[in-house]
Amino acid sequence: MIDHDYSGEFEPTTNGVYACRVDNLDMPGFQKDEFLMLHSGHWTYLGSDQRFRGELYGWVGPIPRTR
């Protein structure tokens, strides 16, 4: 399953890990790819309880994970 949208009108609803396109804070005006987790409607960093506060420009996922 691939979810993507650049208008901000659609947000994925399936919990899991996504590959996301976000702003690159080290290089203003550029973007980078980062893995984020969606859980209960909130984006967080992997292995952290800190919420992601930036802008999402696109995503692919959820990515199947193994233990």
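Residues numbered from 1 in each chain as written. Predicted model: local features only at pLDDT ≥ 70, side-chain atom pairs only at ≥ 80, totals over all residues. Heavy atoms only, no water.

Q: Can you break down the pattern of salt bridges residue by residue, with the values?
A: A side chain of one charge can pair with a side chain of the opposite charge when the charged atoms of the two come close. Counting across every chain of the model gives two salt bridges. Close ionic contact of Arg21 with Asp33 constitutes a salt bridge, the shortest N to O distance being 2.5 Å. Highlighted residues: Arg21 in strand β1 (residues 16-23) and Asp33 in strand β2 (residues 31-39), separated in sequence by 12 residues. Looking at Arg21, the relative accessible area reads 36%, which means it is partly exposed. A relative accessible area of 55% means that Asp33 is categorised as exposed. (Salt bridge = Lys/Arg side-chain N within 4 Å of Asp/Glu carboxyl O. Helix = DSSP H or I, 4+ residues; strand = E, 2+ residues; numbered from the N terminus. Buried < 20%, exposed > 50% of the residue type's maximum accessible area, 1.4 Å probe, protein only.)

Q: If you had to explain the nonpolar core to someone new, which residues and values would you point to?
A: One finds Tyr18, Cys20, Val22, Leu36, Leu38, Trp43, Phe52, Leu56 and Trp59 forming the largest nonpolar core, which totals nine residues. Counting residues per element, the ones that place at least two in this core are β1, β2 and β4 (56-60). For this core, the leading source of residues is β1, giving three residues. Among all residues touching Val22, those that are not within four sequence positions of it are Gln31, Lys32, Glu34, Leu36, Phe52, Glu55, Leu56 and Tyr57. (Core = buried A, V, L, I, M, F, W, Y, C linked by side-chain atoms within 4.5 Å. Contact = heavy atoms within 4.5 Å.)

Q: Break down the sheet that holds β1 for me, citing the residues and quoting the values.
A: If you trace the four strands from one edge of the open sheet to the other, you get β3-β2-β1-β4, paired in antiparallel fashion. Pairing within the sheet leaves two strands with one partner each, and these edge strands are β3 (42-45) and β4. Here the average twist between neighbouring strands, direction ignored, is 45°. Relative to β2, β1 runs antiparallel, the two sharing eight bridges. Looking across to β2, one finds that Val17 is bridged to Met37. (Pairing = 2+ DSSP bridges. Axes fitted to C-alpha atoms, helices over the stretch in contact; angles between N-to-C directions.)

Q: An account of the pairing of β3 is needed here, citing residue identities and associated values.
A: Direction of pairing for β2 relative to β3: antiparallel, over a ladder of four bridges. Across the sheet, the residue bridging to His39 is His42, located in β3.

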